[in-house]
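Residue-level structural notes
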Amino acid sequence: IQMGLAENQLCFDLVENWVKNNPASSICTPEGSSGFKDIAIFQDYHGLPQFRNAVANFMAKVRGDRVKFDPDRIVMAGGATGAHETLAFCVANPGEALLVPTPYYPGFDRDLRWRTGIQLVPIECKSSNKFKLTIEDLEAAYETAKLNNIKVKGLLLTNPSNPLGTILDGETLRSVVAFTNSKSIHLICDEIYSATVFDGDAAEYVSIAEIVDEDRNSNVAPNRLNLDLIHLVYSLSKDMGFPGFRVGIIYSYNDVVVGCARKMSSFGLVSAQTQHLLGSMLADDDFVGEFIAANRRRLSERHRRFTAGLERVGIRCLRSGNAAGLFVWMDLRRMMKEQSVEAETALWKVIIDEVKLNVSPGTSFHCSEPGWFRVC
């Protein structure tokens with residue numbers, strides 16, 4: 001049973017119904033074929049205006065309409081993978097580094113490093129405080145990198161977290177922004193799970209865009225942040241469940257980064273056919289509202305049933321107030337003969353080979369404590 005792949009398939013019925021009821025949104029139907037000649041020819045690398053406007057609108061709605069996004073700052077990429085690599089090329093040179101809290105998505109080692117030549121420096125977070133990022137740990141990692149003659153160019157956060165399935169609270173995020181600004185390093189926030197906050201009030205989720213707006217609208221000390229250092233990565237792969245469509249988004253407050261990323265985007269554009277379909281779908285406010293609500297409700301129910309089943313057999317999971325994403329961070333340390341990477345690997349092989357469940361061992365996420373497993 002595949003429980004190691006972050007695919008959100010819970011609301012495909014809503015998407016299928018929308019497609020059936022809106023056949024003109026596709027150029028591959030009799031109803032929409034008249035638009036074929038306009039979509040099939042070369043398009044502006046900025047993207048179809050309808051698509052960029054619809055994505056900006058959707059990004060706002062999944063954040064409770066507490067913040068707005070400028071369509072002219074939206075840059076397309078081939079999924080979040082392409083977005084991250086493009087940003088890495090923009091903000092760092094080979095040999096320079098980004099700080100990343102552990103545990104983190106192992107694909108970052110590929111997406112951010114393979115072709116750019118940059119380094120990832122881990123910030124070790126521990127289960128003793130529920131793997132929360134602290135400024136003390138951030139400062140320690142930054143200073144250690146300096147001692148090792150590594151030039152730190154930025155910090156990469158995933159909020160909500162993959163693999164933890166948790167969110168950063170607003171106070172922590174504000175402290176992180178203050179830290180990165182004080183060091184004049186970039187902050188890249190991966191927010192591809194923004195629509196998946198479901199436990200408690202979704203309003204508790206704070207986007208980096210809200211921190212930017214707070215600074216802009218402050219009556220006490222407005223514009224104290226250097227917004228040129230703040231960037232956001234988004235995608236429709238997780239919130240909508242469309243990884244096969246390869247829709248990644250870079251949203252930067254830095255005009256130079258936007259310009260550079262847009263030039264580089266010619267190597268990984270989203271097809272005009274996909275833009276046309278999704279632009280129509282995401283412009284439908286009634287559908288978007290229904291989809292977001294149903295997605296959160298169904299994720300919550302799936303999460304509740306799964307964690308309740310684990311509890312019945314004495315298996316604990318990370319709990320930190322809010323739940324988000326498509327993940328459960330499962331604690332199997334008591335099932336290991338010893339607390340070691342070798343023991344974790346042995347237990348993982350039993351789960352794979354004998355129980356026939358594909359889950360992911362925590363050490364693959366650079367977790368410093370063996371015995372944690374990610375379940376999708």
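Nothing here was measured: the structure is a model prediction, and the numbers come from that model. (Residues numbered from 1 in each chain as written. Predicted model: local features only at pLDDT ≥ 70, side-chain atom pairs only at ≥ 80, totals over all residues. Heavy atoms only, no water.)

**So, the overall build of the chain**
- Secondary structure assignment for the chain yields 12 helices and 11 strands.
- Projected onto the principal axes, the alpha-carbon positions of the chain cover approximately 65 × 45 × 40 Å.
- Within the chain, buried positions represent 55% of all 376 residues.
- Of the roughly 16900 Å² of accessible surface on the chain, 52% is carried by carbon and sulfur atoms.
- With 40 positive and 45 negative side-chain charges, the chain shows a spacing of 3 Å between the two charge centroids. (Helix = DSSP H or I, 4+ residues; strand = E, 2+ residues; numbered from the N terminus. Buried < 20%, exposed > 50% of the residue type's maximum accessible area, 1.4 Å probe, protein only. Areas by Shrake-Rupley, 256 points an atom, 1.4 Å probe, with all protein chains shown as cover. Lys, Arg positive; Asp, Glu negative; His and termini not counted. Charge placed at Lys NZ, Arg CZ, Asp CG, Glu CD.)

**Observations regarding the pattern of salt bridges**
- Tallying each qualifying case throughout the model produces 20 salt bridges.
- Here Arg316 makes a salt bridge to Asp331, at a shortest N to O gap of 2.9 Å. Here Arg316 is found in strand β8 (residues 316-317), whereas its partner Asp331 is found in strand β9 (residues 328-331), with 15 residues between them in sequence.
- By relative accessible area, which is 54% here, Arg316 ends up exposed. (Salt bridge = Lys/Arg side-chain N within 4 Å of Asp/Glu carboxyl O.)

**Examining the sheet that holds strand β1 (residues 74-78)**
- Here seven strands make up an open sheet; going across it, the order is β1-β7-β6-β5-β4-β2-β3 and the pairing mixed. Of all strands in the sheet, those with a lone pairing partner are β1 and β3 (119-123), marking the two edges. Mean inter-strand twist for the sheet, computed between neighbouring axes without regard to direction, equals 25°.
- Where strand β2 (residues 97-101) meets β3, five bridges bridge the pair, whose relative direction is parallel. (Pairing = 2+ DSSP bridges. Axes fitted to C-alpha atoms, helices over the stretch in contact; angles between N-to-C directions.)

**What to know about the pairing of strand β6 (residues 230-235)**
- With respect to burial, β6 is a largely interior element, six of its six residues being buried.
- For strand β5 (residues 186-190) and β6, the ladder comprises four bridges, and the chain directions are parallel. What sits directly across from Leu187, in β6, is Ile230.
- Relative to strand β7 (residues 247-252), β6 runs antiparallel, the two sharing five bridges. Bridge pairing links Val233 to Ile250 in β7.

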